[in-house]
Amino acid sequence: MSKPSLLITRRLTDAVLKRAARDYDVQLNADDHVFSREELLDHCQSVDAVLPCHSERFDADVLAQLPDRLKIIANHSVGTDHVDLKAAKQRGIVVTNTPDVLSDATAEIAMLCMLGAARRGAEGNRMVREGKWNFWSPAFMVGRQVTGKRFAVLGMGRVGQVAAERARGFGMEIHYHNRRRLPVELEKGAIFHDSVESLLAVADVLSLHCPTTPDSIDLINAERLALLPDGAILVNTARGALVDERALVEALKSGKLFAAGLDVFKDEPGGNPEIAALDNVFLLPHIGSATFETRDAMGNRALDNLDAFFAGREPADRVA
Ligand code: DGY
């Protein structure tokens, strides 16, 4: 029996590519560039399935032009904001994601962003590297201690829960807001807030872990930033779209925010030059899940979903 054909849009780990080549007739993106819309559509015409990353946008228009033979989009990401799930459902295209396997890695990056922002990691690193460290005093490079502070999780899903666990390890008090309150055993003493506003009012560190939907775009805007305690820290390892970056720049410049630690931006790759020009930011290039272990696990999870689909079973991580 011939193997199903599969387009893999980006360079995955060797182990994942080996497994994919064993079970599928694989089409690769040899130089790992981001496909233009036209290239994406063109490559999709001759395959039964596609394994994309968040870098490929499947909006309603692209979905409408996919061939009838293409039956599944098995994402290599937990976020699915790059796929119009409603339009996919209407076209009868199954969509899956890769939850769980990246929670530890992403929570680690949230801690790096928090500490990098609180302890002025980027400024200090730059100073030493550039040979500009020529002074020391007790008043030099003083930052914020996170121990004993309130870590506020907006979106207490899998990543949010692991981030809360890690922050607990730093002696922080955990607060959260989520659409639904967690069962007591998952809360582990975290304090539930029934509104975003109530959470913001206590957030010494606000860490974003909610999905991007049309309702959550610019969720953290000027009005909401104003609700934070003075000198708060914003951590975003979810999606850049959640934050109004113009309002963020203002809050960072005015000192309303002590600092921000960001792994994600509205414009990726590239980021926001106005944010990058500030000293009180710790910035990373969307590497929340970028560990060898997690990349293997994400690729395998995407392949597990494809295997289930082509074996006539329900993929475990179906989102549409
Ligand atoms: C995810 O899985 O959503 C990460 O942001 C990487 O794409």
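For the structure itself, look to the data block above.
We now turn to the structure provided with this report. These numbers were taken from a predicted model, which means no experiment stands behind them. (Residues numbered from 1 in each chain as written. Predicted model: local features only at pLDDT ≥ 70, side-chain atom pairs only at ≥ 80, totals over all residues.)

1. So, the nonpolar core
Judged by nonpolar contacts, the single largest core of 89 residues is most densely connected at Met-114, Val-205, Leu-206, Ile-233, Val-235 and Ala-260. Looking at which domains feed residues into this core, each of domain 1 (5-101 + 292-310) and domain 2 (103-283) supplies at least three. Contact partners of Met-114, with chain neighbours within four places excluded, come to Val-146, Val-205, Ser-207, Ile-233, Val-235 and Gly-261. (Core = buried A, V, L, I, M, F, W, Y, C linked by C-beta atoms within 7 Å. Buried ≥ 20, exposed ≤ 12 C-beta atoms within 10 Å, placed from the backbone. Domains from an automatic or database assignment. Contact = placed C-beta atoms within 7 Å.)

2. Details of the pairing of strand 11 (residues 257-262)
The element strand 11 is largely enclosed, with a buried count of 6 among its 6 residues. The sheet contact formed by strand 10 (residues 232-236) and strand 11 spans 5 bridges and is parallel. Bridging from a neighbouring strand, Ala-232 pairs with Leu-257 of strand 11. You can see the chain leave strand 10, run along helix 11 (residues 245-254) and come back into strand 11, and the turn it takes is right-handed. Examined bridge by bridge, strand 11 and strand 12 (residues 281-283) share 3 bridges and lie parallel to one another. Residue pairing for strand 12: Gly-261 is matched across the bridge by Phe-282. (Helix = DSSP H or I, 4+ residues; strand = E, 2+ residues; numbered from the N terminus. Pairing = 2+ DSSP bridges. Right-handed = clockwise from strand over helix to strand, strands pointing away.)

3. Looking at the sheet that holds strand 5 (residues 94-96)
Strand order across the open sheet formed by 5 strands is 2-1-3-4-5, with parallel pairing between neighbours. With partners counted over all chains shown, the strands left at the sheet margins are strand 2 (25-27) and strand 5, one partner each. Taken pair by pair, the neighbouring strands of this sheet meet at an average axis angle of 20°, ignoring direction. Looking at chain direction, strand 1 (residues 5-8) and strand 2 are connected through 3 bridges and run parallel. Across the sheet, Leu-7 pairs through a bridge with Gln-27, a residue of strand 2. In this fold helix 13 (residues 292-310) packs onto strand 1, strand 3 (49-51), strand 4 (72-74) and strand 5, with an angle of close to 155° to the strand it touches most, strand 4. (Axes fitted to C-alpha atoms, helices over the stretch in contact; angles between N-to-C directions.)

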